[in-house]
Amino acid sequence: MTDRNGRTVPLWTESDVRAHVRAPRSDDDKYRRGVVGMRTGADAYPGAAVLGVEAAWRSGAGMVRYAGPRRAEDLVLARRPETVTAVGRVQAWVLGSGTDAATRTPEETSVLRDILAGDVAVVVDAGALDLAPEGSAPRILTPHAREHDRLRAALGLAAADADRGASVVETARAVGAVVLLKGARTLVADPDGTLVAVEAGTPWLATAGTGDVLAGIIGALVAAAAADQPRLDPRRLAGLAATGAWLHGHAARRASTERAGGPITALDVADAVPAVIGAVLAPVA
Ligand SMILES: NC(=O)C1=CN([C@@H]2O[C@H](COP(=O)(O)OP(=O)(O)OC[C@H]3O[C@@H](n4cnc5c(N)ncnc54)[C@H](O)[C@@H]3O)[C@@H](O)[C@H]2O)[C@@H](O)CC1
Ligand SMILES: Nc1ncnc2c1ncn2[C@@H]1O[C@H](COP(=O)(O)OP(=O)(O)O)[C@@H](O)[C@H]1O
């Protein structure tokens, strides 16, 4: 795929995806499959917690641990009683979906800072993006265009211009983390300047909560990879992020196809993820 400046930006393919999805094994237990920890959802947006947790389960997590406000926790457990609300070890974190930095408590800010200063890989979304620049943990940031511009402003960079690819590479370098810029064409840059594009979705994806689902999918992929190999380098994290976007887009297409090409909701996307993963992992004849 050639961008508007004549550069070639590789498109993420199904065989790239296959190399980043961990197939379950007979010697697995739930911890070997990877545990995702999620601090998402707020009283204003409790549904985002449900969407992300659902997506992480549907993407093959061995366990999902959830921590958030009481109302969000109740909704998560009503939808997914499998979810564990006790504190414990995780192989990947998802922070920020359905939260707002402006209303975050100092206690929550302190917990997020500690996670972002740790060794466990973190997917940083929505209301936690303001804390991402100060983090040292391996990080995947998942902004949409407005969030990307806010992040760039915090980094002292001008708003992204029409050359989205150059902008997202610049952001990834400045923040020292993988940046996944959402859109009809999702771009993933690592801090070394490698850029890939994911074109997998449908315009029906432009509906509330699909970004929360994407964060949950990526969290499960990172946890599975980290359960095998705890130290994931930025190139690997970028591959896992691109894989998440590919699965998400194909799940959306599948969900729409099941509805005669009609509209979908965010939960429909999460529901369709297992069939997409199954097809990717199916032995090629
Ligand atoms: N079910 C849920 O709980 C959901 C929670 N969400 C969470 O909601 C939070 C905010 O995300 P956003 O992407 O909205 O944040 P943004 O701050 O990027 O977007 C809000 C912007 O949209 C503008 N806007 C609001 N309503 C509009 C309208 N009707 N027409 C045109 N412009 C309008 C506002 O002026 C503001 O500038 C995040 O934490 C996100 O994760 C969203 O994912 C949606 C679903
Ligand atoms: N026009 C579009 N075509 C295809 N995919 C889109 C389009 N617009 C948005 N998306 C995808 O939908 C998702 C929306 O995420 P986000 O903006 O974070 O929504 P929310 O905050 O409501 O969860 C992203 O994965 C993005 O790539």
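Residues numbered from 1 in each chain as written. Chains lettered and ligands numbered in written order. Predicted model: local features only at pLDDT ≥ 70, side-chain atom pairs only at ≥ 80, totals over all residues.

> Honestly, the overall build of the chain in this entry has me stumped. Any pointers?
What the chain contains, in helices and strands, is 9 helices and 8 strands. A compact globule built from 285 residues should have a C-alpha radius of gyration of about 19 Å, and the chain, at 17 Å, falls within 12% of that. When the backbone C-alpha atoms are referred to their principal axes, the chain occupies close to 55 × 50 × 40 Å. Considering only intrachain contacts with a sequence separation of at least 6, the fraction spanning at least 24 residues in the chain is 67%. (Helix = DSSP H or I, 4+ residues; strand = E, 2+ residues; numbered from the N terminus. Rg over C-alpha atoms; globule rule 2.2 N^0.38 Å. Contact = placed C-beta atoms within 7 Å.)

> What is the right way to look at helix α2 (residues 46–58) in this model?
Each α-helix turn comprises 3.6 residues. Residues three or four places apart therefore point the same way. An ideal rise of 1.5 Å per residue puts 18 Å on 13 residues; α2 measures up with 19 Å between its terminal C-alpha atoms. A large share of α2 lies buried, amounting to 12 of its 13 residues. Those residues of α2 not exposed but buried are Pro 46, Ala 48, Ala 49, Val 50, Leu 51, Gly 52, Val 53, Glu 54, Ala 55, Ala 56, Trp 57 and Arg 58. Those residues of α2 that are buried are in contact with β1 (35–39), β2 (63–66), α3 (70–79), β3 (92–95), α7 (210–228) and α9 (266–281). Gly 60, located one to two residues past α2, shows a positive phi value of around 100°. (Expected span 1.5 Å × (residues − 1). Buried ≥ 20, exposed ≤ 12 C-beta atoms within 10 Å, placed from the backbone.)

> Mind showing me how you'd approach the site of ligand 2 here?
As a matter of local geometry, ligand 2 sits amid 16 residues, with Lys 182, Ala 184, Leu 205, Ala 206 and Gly 211 nearest to it. Among the elements that line the shell around ligand 2, the one with the most residues is α7, at 4 residues. (Near = placed C-beta within 6 Å.)

> What's the story with the sheet that holds strand β7 (residues 186–189) in this structure? I'm lost.
Strand pairing within a sheet occurs via backbone hydrogen bonds; the two strands may be parallel or antiparallel. Strand order in the open sheet formed by 8 strands is β2-β1-β3-β4-β5-β6-β7-β8, with mixed pairing between adjacent strands. The outermost strands of the open sheet, each flanked by one partner alone, are β2 and β8 (195–198). When the angles between neighbouring strand axes are averaged without regard to direction, this sheet yields 20°. Lying on the sheet, α2 is in contact with β1, β2 and β3; it crosses β2 at an angle near 160°. Sitting on the sheet, α7 touches β1, β3, β4 (121–124) and β5 (139–141), and the angle it makes with β3 is about 165°. (Pairing = 2+ DSSP bridges. Axes fitted to C-alpha atoms, helices over the stretch in contact; angles between N-to-C directions.)

> It is not clear to me how the UniProt feature "binding site: AMP" (unreviewed entry) in the chain should be interpreted in this structure. Could you clarify?
Following the UniProt record, one finds the feature "binding site: AMP" (unreviewed entry) at Lys 182, Gly 183, Ala 184, Arg 185, Thr 186 and Gly 211. The annotated residues occupy 30 residues of the chain but converge on a single region, no pair of C-alpha atoms lying more than 13.8 Å apart. Inspection of the secondary structure puts Arg 185 in the loop between β6 (178–181) and β7. What makes Arg 185 partly exposed here is the crowd of 18 C-beta atoms within 10 Å. (UniProt positions renumbered as here; feature names shortened; annotations may be inferred.)

> How should I be thinking about the UniProt feature "domain: YjeF C-terminal" (unreviewed entry) in the chain in this particular structure?
Per the UniProt record, "domain: YjeF C-terminal" (unreviewed entry) is annotated on residues 13–280. For the annotated span residues 13–280, helix accounts for 44% and strand for 12% of the residues, and the straight-line distance between the end C-alpha atoms is 11 Å.

> Sorry if this is basic, but what is going on with helix α5 (residues 145–154) here?
Residues of α5 that are buried: Glu 147, His 148, Leu 151 and Arg 152. When α5 is viewed along its axis, its buried side chains cluster within an angular range of 140° and face the same direction. Exposed and facing more than 90 degrees away from the buried side of α5 are Arg 146 and Ala 153. Where the residues of α5 are buried, they touch β5, α6 (164–175) and β6. Positive phi shows up at Gly 156, right after α5, with a value of about 80°. (Arc of directions from axis to C-beta.)

> Looking at this structure, I do not really get unusual backbone geometry. What am I missing?
Across residues other than glycine, the phi torsion is negative in most instances, and most of the peptide bonds are trans. Of note in the backbone geometry, Ala 126 takes a positive phi value of approximately 40° without being a glycine. Tracing the chain through its elements places Ala 126 in the loop between β4 and β5. Residue class for Ala 126 comes out buried when judged on the 24 C-beta atoms lying within 10 Å of it.

> What is the right way to read the site of ligand 1 from this model?
Taken together, 16 residues lie around ligand 1, and Tyr 45, Gly 47, Ala 48, Ala 126 and Ala 208 are the ones closest in. Class assignment of the residues belonging to the shell around ligand 1 gives a composition of 4 nonpolar, 8 polar and 4 charged. (Nonpolar A, V, L, I, M, F, W, Y, C, P; charged D, E, K, R; others polar.)

> Teacher, can you tell me more about the environment of Gly 98 here?
Mapped onto the secondary structure, Gly 98 falls in the loop between β3 and α4 (106–116). Taking the C-beta count within 10 Å as the criterion, Gly 98 has 27 such neighbours and is therefore assigned buried. Placed 38 residues apart in sequence, Gly 98 and Ser 136 show a C-alpha to C-alpha distance of 23 Å.

> Got a minute to help me understand the nonpolar core in this structure?
Side chains of a nonpolar character, in soluble globular proteins, are inclined to be buried together. Counting 91 residues, the largest nonpolar core has Val 36, Leu 141, Val 178, Val 222 and Ala 241 as the members making the most contacts within it. Tallying contributions element by element places α7 first for this core, with 12 residues. With residues up to four places along the chain from it excluded, the contact list for Val 178 reads Arg 139, Ile 140, Leu 141, Ala 172, Val 188, Asp 190, Pro 234, Leu 237, Ala 238 and Ala 241. (Core = buried A, V, L, I, M, F, W, Y, C linked by C-beta atoms within 7 Å.)

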